[in-house]
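Chain by chain, the residues:
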Protein chains: 2
Amino acid sequence: LQIKKFRREHKLFLVEGAKSVLELLNSSYHIDSLFITAAFNDLYSKILVNKVPFEIVSQKDLERLGEFVSNDSALAIVRMGENTELLLEGNEYILALDGISDPGNLGTIIRIADWYGITKIICSENTAEVYNSKVISASMGSFTRVRLYYCNLNEYLKKRKAPIYGAELQGKDIHSVKFTSSGFIVLGSEAAGVSAEIQSLITEKITIPRYGAAESLNVAVAAAIICDNLKMII
Amino acid sequence: LQIKKFRREHKLFLVEGAKSVLELLNSSYHIDSLFITAAFNDLYSKILVNKVPFEIVSQKDLERLGEFVSNDSALAIVRMGENTELLLEGNEYILALDGISDPGNLGTIIRIADWYGITKIICSENTAEVYNSKVISASMGSFTRVRLYYCNLNEYLKKRKAPIYGAELQGKDIHSVKFTSSGFIVLGSEAAGVSAEIQSLITEKITIPRYGAAESLNVAVAAAIICDNLKMII
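So, a few notes on the structure that sits alongside this text. Only a predicted model underlies this, so the values are computations on that prediction, with no experimental measurement involved.

A look at the overall build of chain A
Line of reasoning, step 1. Across its full length, chain A holds nine helices and ten strands.
Line of reasoning, step 2. In summary, chain A has a C-alpha radius of gyration of 19 Å against a globular reference of 17 Å for 234 residues, a match within 12%.
Line of reasoning, step 3. Along the longest, intermediate and shortest principal axes, the C-alpha atoms of chain A span 55 × 35 × 30 Å.
Line of reasoning, step 4. When each of the 234 residues of chain A is scored for burial, the buried share is 55%.
Line of reasoning, step 5. Counting contacts in chain A only where the partners sit at least 6 residues apart, residues at least 24 apart contribute 76% of the total.

Shown next, in the form of structure tokens:
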């Protein structure tokens, strides 16, 4: 059963490991199939009851079905959500990802958004796919609470009236920025940063001050620092 | 040539890729052997001249020698530094890592320390090895500026008089902590957090406030947020 190959075609994706599957069971995602070990069933039988039909399999079966090297708990095959447009509503911030290509970074950003109460992320079309199993795994279950919308990011941001914050070398020190009560935070790709066309849409240039010598910060790390500074004010 | 196998025995480690090798050439590390492509030589001949002898090889050779899937620039075999005790001197912060086992996390933490001007990291013996090629790669050259000392972290911290900060669930909101001018920041392992014996040595319990629903933050992300809050004050 080579699931990866048929993932897009059948609009299904994989969720692996105890933590992620437990969060999934608490979400509105439609679970197509659920495979668990007897040990997982012993631990979580109360949670599993009446939720969704499942099949008890061996650890070896889970590892053969999925992409985890080691999985002694659970694996779900899940229906993908629709790619629905997400808009700024009330006092909230939305992250806008411009070509984040590393699945681990995207998953970590989803987890950070979830920590800081950000529930919407807009992704350029060249951003990693949320249903990639490395994204799902790195998000540590947060993919169930944060929605992603893939679109032409340039066209999307052009139409917005709220402030668009973006990290640049010559921006205002993030520690003294007075963030408005809602807006967008643009994060650029690992290799190329924010693309020129999207840079021109940034209304508030911000900078994370550097005290040492590293040339840059990892994009997920930068996202976390921006979110942390944001939330100190609003 | 299976370098990995002989790394510890010969006290040598690998540095791969243009960015890391260029930072290495600017450091005090002793380069045992340097292999570069003709293209890398064309780009950086001025930097390479009189620095260290090198050999021009093919991209295929670099990939065979190293652990990068793709490497079209350079690879160096480098002498490991000594494991020298590091002490708090003057107004500075030192990171103390209690069992950070993921090489990517350790490399990212080294890069964050370098960004925030922290030059010393104390590691428990069960922390990932700095000379692991995944650590070197994730540090993006910052391993040349940040020193690490591996020891019994519990014994090390017991002897210190400076404040020891550590993130815990019931700590003081990091946004309102008044950090002293020097001290230690303890970061616990991905799976188990800070070990019980080291928890008892923490003098200042701090918490990164959560506004959403994620259960936790990645340890490198937490390190970055703590460093960012630290540097706003000192």
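Thoughts on the interface of chain B and chain A
Line of reasoning, step 1. On the chain A side, the residues contacting the 29 residues of chain B number 29 residues.
Line of reasoning, step 2. Taken together, the two surfaces of chain B and chain A that pack against each other cover about 2,800 Å², and 63% of this comes from carbon and sulfur.
Line of reasoning, step 3. Where chain B meets chain A, there are two salt bridges.
Line of reasoning, step 4. E215 of chain B serves as the salt-bridge partner of K19 of chain A, at 3.2 Å between the closest nitrogen and oxygen.
Line of reasoning, step 5. Those elements that provide at least two residues to the side of chain B that touches chain A are α5 (103-115) and α9 (219-231) of chain B.
Line of reasoning, step 6. When residues of the side of chain B that touches chain A are assigned to their parent elements, the largest contribution, six residues, is made by α9 of chain B.

Re the relation of the copies chain B and chain A
Line of reasoning, step 1. The two copies are related by a screw motion: chain B maps onto chain A through a turn of 180° and a shift of 0.0 Å along the axis, at an RMSD of 0.0 Å. Considering both components of the superposition, the chain copies are consistent with a two-fold axis.
Line of reasoning, step 2. With an isologous cut-off of 70% or more, the 100% of interface residues of chain B that recur at the interface of chain A puts this contact in the isologous class.

Thoughts on the packing of α5 of chain B against α9 of chain B
When two helices pack together, their arrangement is given by the angle between the helix axes and by the axis-to-axis distance.
Residue and element names in this part refer to chain B.
Line of reasoning, step 1. Packing of α5 against α9 brings their axes to within 9 Å, and their N-to-C directions diverge by 15°. Looking at the two axes, α5 sits roughly parallel to α9. Handedness of the α5/α9 crossing: right-handed. Side by side, α5 and α9 meet where N105, T108, I109 and I112 of the first sit next to V219, A220, A223, A224 and C227 of the second.
Line of reasoning, step 2. Broken down by class, the residue content of the contact of α5 with α9 amounts to seven nonpolar, two polar and no charged.

Conventions we followed
Residues numbered from 1 in each chain as written. Chains lettered and ligands numbered in written order. Predicted model: local features only at pLDDT ≥ 70, side-chain atom pairs only at ≥ 80, totals over all residues. Heavy atoms only, no water. Helix = DSSP H or I, 4+ residues; strand = E, 2+ residues; numbered from the N terminus. Rg over C-alpha atoms; globule rule 2.2 N^0.38 Å. Buried < 20%, exposed > 50% of the residue type's maximum accessible area, 1.4 Å probe, protein only. Contact = heavy atoms within 4.5 Å. Buried area = accessible area lost by both parts, 1.4 Å probe. Salt bridge = Lys/Arg side-chain N within 4 Å of Asp/Glu carboxyl O. Least-squares fit on C-alpha atoms with pLDDT ≥ 70 in both. Axes fitted to C-alpha atoms, helices over the stretch in contact; angles between N-to-C directions. Parallel < 35°, antiparallel > 145°, perpendicular 65-115°, else oblique. Left-handed = near helix turned anticlockwise from the far one by under 90°. Nonpolar A, V, L, I, M, F, W, Y, C, P; charged D, E, K, R; others polar.

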